[in-house]
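One-letter residues, chain by chain:
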Amino acid sequence: MSEKTIQDINAKIADGSVHVVTAEEMPGIVAELGADGAVREVDIVTTGTFGAMCSSGAFLNLGHSDPPIKMQKVWFNDVEAYTGLAAIDAYMGATQLSETRGMEYGGGHVIEDLVAGRSVDIHATAYGTDCYPRKLLDTTVTIDDINQATMFNPRNGYQKYNVATNCSERTLYTYMGTLLPDRGNATYSAAGVLSPLYNDPTYQTIGVGSRIFLSGAQGYITGQGTQHDPTNNFATIMVQGDMKQMDPKYVRGATFHGYGTSLYVGIGIPIPILNADIARATAITDADITTNVLDYGVARRARPVLRQVTYEELKSGMIDINGKEVTTSPMSSFHDARAIAGELKEWIQKGKFYPTLPVENLPNTGVVFKPMKQMGEQPSVADVMAQRVTTIRQGLTVEDAARAITEGNFNHLPVVSDEDKLVGIITAWDIAKAVAKSKRDKLDDIMTRNVVTADASEPVDTAARKLELHNISAMPVVNKHSKVVGIITSDDISKLVARR
Amino acid sequence: MKFILHATTEITSKPLIAEVILETGTLLNIDRADVKSSGGEVVIDVDQDRYDIVTAAFKKRGVTITPLEQPIIKDDDECVNCGACISVCPTGVISFNDDWTVQMEIARCVQCGACVTMCPQGALMVGK
Ligand code: SF4
Ligand code: SF4
């Protein structure tokens, strides 16, 4: 069996004889030469990915002002950065929103503006101390005016990610983009065959100290990323790199409508082909990589898995989800992932980049991504709803409804069929309008038929969001036979929040 | 060819489009209609050779018309070729080239704006 060391490979880089290919070229080579032959032939395989990575940010050191300030709060272009550090250090997170422009501009855009050399306005406040008397600071800087500008991303480069679709009846705005109702589309993250971590899935060459391509600079992996989950092939990496060396093309602030801001980051990892196992792993193709299609219509931690797909199917542009042909969209750029793998390849060929072996590999087993420990039970709709709810039979008159509402002193009256199924809802306001227009006969003419309902077991938080989205103040709670078992109002929810 | 009808309230209350179809004997395809009580916009698609006759018939009835030359505009400096916009487009305007850059067949655009909302880079704009 052929084996090589990283020193052998680096010596070949130095004398210009190194043979580098991208992860897209490798399957063909292994198919032709076999894994052993590929070890002899190829020294390094380059990978790439370019997409939104929300867990990204930057440590920025501004230098001391005179008189000096210990910043208690600081804003860059109205986007707040974290300052619970020494005097003039701040951490700008990609998803922090502008206080004046909202979702249109955020931390990701500040980082993009800095890397692109654009000037950024800084405003800082402080309480003032004997050593740091200054309380207010306003200045404008470019990246050249500040000391370190270090991109530091706690979770990047997901090995793979879920595919998102939406089985609900409402358009959803998520970090996976706009998801149209009733499986109107499906979105995914695109690296697939070029995915850095999928090309070395046991992390033999990847870990703390691995030198990587980070948005055009030579950066490093500093450890396992947060939520690192190797057991389910959801490995992640923590990375850092010098923003002053980065290429603005690969540092792009982003806005996901209705969700918030993020940062598109470009990562390329070189995989030294030390042995046949590694060669075989880098021969992976889109057809070999599977992932789950999840229903984002369910806003819970455990979203239902609708099916498994391969990246090959996803990239064909169309997948079948429960009998419907659904158009797919990547959220990350395969074009730029390929450009990154290509650029890294060129760096190595020209002797500008030397790969390193990690001082400690990414953990391959024994790491579990735990759900959050939550104190106390999360209240469900059943805990706050009123169980005694007055309903009215379909077919009765507006007068009857008016009487029921005045007697009961409430605003919402669910309308039920003879079989006790919910068929509509009447509010005090509907009745007032009907009376004003002298439409006093059938309820059917004035009731709302498309009733927004809640389920007794759903968390109060999702019910509250439904009320907010539909701009209503109450919903009937129904069981699976559409029978009304209660009613939940925004008042009930506010009282609960006040108690919490 | 596509054009936009800018309709006022008086106009929306008349069977304008039907009248024009009858008068010109031309089939019109309504791509999109945003009509509110305050008036609205209708995007109409018509064969190239009937364009002049049809638009003249609308103008005669007091409707303002603008041709949809560039219904959707993409800023190539902002676009990262992610393709996020592809799956929200109702008329299949956007697709990948072989090299995974994004291309647009703008003649099919009905200016619904879905891709503009979807684009994470703010690279798209509905043409005026
Ligand atoms: S506006 Fe965008 S989404 Fe709508 S039809 Fe045109 S290209 Fe397609
Ligand atoms: S969503 Fe925006 S950035 Fe992505 S391909 Fe479409 S236009 Fe380009």
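Residues numbered from 1 in each chain as written. Chains lettered and ligands numbered in written order. Predicted model: local features only at pLDDT ≥ 70, side-chain atom pairs only at ≥ 80, totals over all residues. Heavy atoms only, no water.

(A) Local environment of the domain arrangement of chain B. Residue and element names in this part refer to chain B. The domains assigned to chain B are domain 1 (2-67) and domain 2 (72-126). If you average the C-alpha positions of domain 1 and of domain 2, the two centres end up 27 Å apart. Facing five residues of domain 1, the contacting portion of domain 2 comprises six residues. Taken together, both faces of the contact between domain 1 and domain 2 bury some 380 Å²; the carbon and sulfur share is 54%. (Domains from an automatic or database assignment. Contact = heavy atoms within 4.5 Å. Buried area = accessible area lost by both parts, 1.4 Å probe.)

(B) Spotlight on the site of ligand 1. The local shell around ligand 1 consists of Cys89, Pro90, Thr91, Val93, Cys109, Val110, Gln111, Cys112, Gly113 and Cys115 of chain B. Here the shell around ligand 1 is built from residues that sort into seven nonpolar, three polar and no charged. (Near = heavy atom within 4 Å. Nonpolar A, V, L, I, M, F, W, Y, C, P; charged D, E, K, R; others polar.)

(C) Representation of helix 6 (residues 334-349) of chain A in the model. Residues and elements named next belong to chain A. With 16 residues, helix 6 extends 23 Å between its outermost C-alpha atoms, agreeing within 8% with the 22 Å of an ideal straight helix rising 1.5 Å per residue. Regarding helix 6, the residues found buried are Phe334, Asp336, Ala337, Ile340, Ala341, Leu344, Lys345, Trp347 and Ile348. One or two steps after helix 6, the chain reaches Gly351, where phi turns positive at roughly 75°. (Helix = DSSP H or I, 4+ residues; strand = E, 2+ residues; numbered from the N terminus. Expected span 1.5 Å × (residues − 1). Buried < 20%, exposed > 50% of the residue type's maximum accessible area, 1.4 Å probe, protein only.)

(D) Layout of the interface of chain A and chain B. Taken residue by residue, the interface counts 29 residues in chain A and 22 residues in chain B. For chain A, the biggest contributors to the area lost against chain B are Arg252, Pro330 and His335 of chain A; these three give 28% of the whole. Remark: the boundary between chain A and chain B carries zero salt bridges. Put simply, the parts of the chain that give the side of chain A that touches chain B at least two residues each are strand 15 (177-179), strand 16 (186-188), strand 21 (251-256), strand 27 (324-330) and helix 6 of chain A. No other element matches strand 21 of chain A, which puts five residues into the side of chain A that touches chain B. (Salt bridge = Lys/Arg side-chain N within 4 Å of Asp/Glu carboxyl O.)

(E) Geometry of the packing of helix 8 (residues 398-408) of chain A against helix 9 (residues 428-436) of chain A. Residue and element names in this part refer to chain A. Axis separation between helix 8 and helix 9 bottoms out at 10 Å; the angle between their running directions is 135°. In terms of orientation, helix 8 and helix 9 fall into the oblique class. Crossing angle aside, the handedness with which helix 8 passes helix 9 is left-handed. Seen from helix 8, the contacting residues are Val398, Ala401, Ala402 and Ile405; seen from helix 9, they are Ala428, Ile431 and Ala434. (Axes fitted to C-alpha atoms, helices over the stretch in contact; angles between N-to-C directions. Parallel < 35°, antiparallel > 145°, perpendicular 65-115°, else oblique. Left-handed = near helix turned anticlockwise from the far one by under 90°.)

(F) Structural view of the domain arrangement of chain A. Its domain assignment divides chain A into domain 1 (6-53 + 152-361), domain 2 (63-146) and domain 3 (381-499). Inter-centroid distance (C-alpha atoms) of domain 2 of chain A to domain 3 of chain A is 49 Å.

(G) Just the environment of Thr391 of chain A, in detail. Residue and element names in this part refer to chain A. Tracing the backbone through its elements, the reader meets Thr391 in the loop between helix 7 (381-384) and strand 29 (392-393). With 29 residues separating them in the primary sequence, Thr391 and Asp420 have C-alpha atoms 9.3 Å apart. When near neighbours in sequence (up to four residues on either side) are disregarded, Thr391 contacts Leu413, Pro414, Val416 and Val484.

(H) The side chain of Asn61 of chain A, seen in detail. Residue and element names in this part refer to chain A. Tracing the sequence through the fold places Asn61 in strand 4 (residues 57-61). Here Asn61 falls in the buried class, since its relative accessible area comes to 15%. Of note is the side chain of Asn61, whose polar atom sits 2.9 Å from the side chain of Asp89. (Polar contact = N/O pair within 3.5 Å; in protein donor to acceptor, adjacent residues only side chain to side chain.)

(I) Summary view of unusual backbone geometry. Residue and element names in this part refer to chain A. That bond from Asp66 to Pro67 is cis: its omega, -10°, falls within 30 degrees of zero. For Pro67, the location among the structural elements is in the loop between strand 4 and strand 5 (73-76). A positive phi angle is found at Arg183, which is not glycine, with a value near 50°. By the element assignment, Arg183 lies in the loop between strand 15 and strand 16. For Asp420, which is not glycine, the phi torsion reads 75° and is therefore positive.

(J) Just the site of ligand 2, in detail. The immediate surroundings of ligand 2 are formed by 13 residues, with Cys79, Cys82, Gly83, Cys85 and Cys119 of chain B found nearest. Across the shell around ligand 2, the residue classes break down as nine nonpolar, three polar and one charged.

(K) Up close: a nonpolar patch on the surface. A cluster of nonpolar side chains, contributed by Phe59, Tyr82 and Leu85 of chain A, occupies part of the molecular surface with about 290 Å² of accessible area. The topology assignment puts Phe59 of chain A in strand 4. (Patch = residues over 30% accessible without salt bridge, like charges linked within 9 Å, V, L, I, M, F, W, Y side chains within 5 Å. Areas by Shrake-Rupley, 256 points an atom, 1.4 Å probe, with all protein chains shown as cover.)

(L) Examining the nonpolar core more closely. One finds Met26, Phe76 and Met243 of chain A to be the most contacted residues of the largest nonpolar core, which totals 93 residues. Here this core takes seven residues from helix 6 of chain A, the largest share from any one element. Leaving out residues up to four positions away in the same chain, Met26 of chain A has contacts with Val21, Ala38, Val42, Val45, Ile273, Ala279, Thr282 and Ala283 of chain A. One finds Phe3, Val20, Leu28 and Val54 of chain B within the second-largest nonpolar core, a separate group that totals 14 residues. (Core = buried A, V, L, I, M, F, W, Y, C linked by side-chain atoms within 4.5 Å.)

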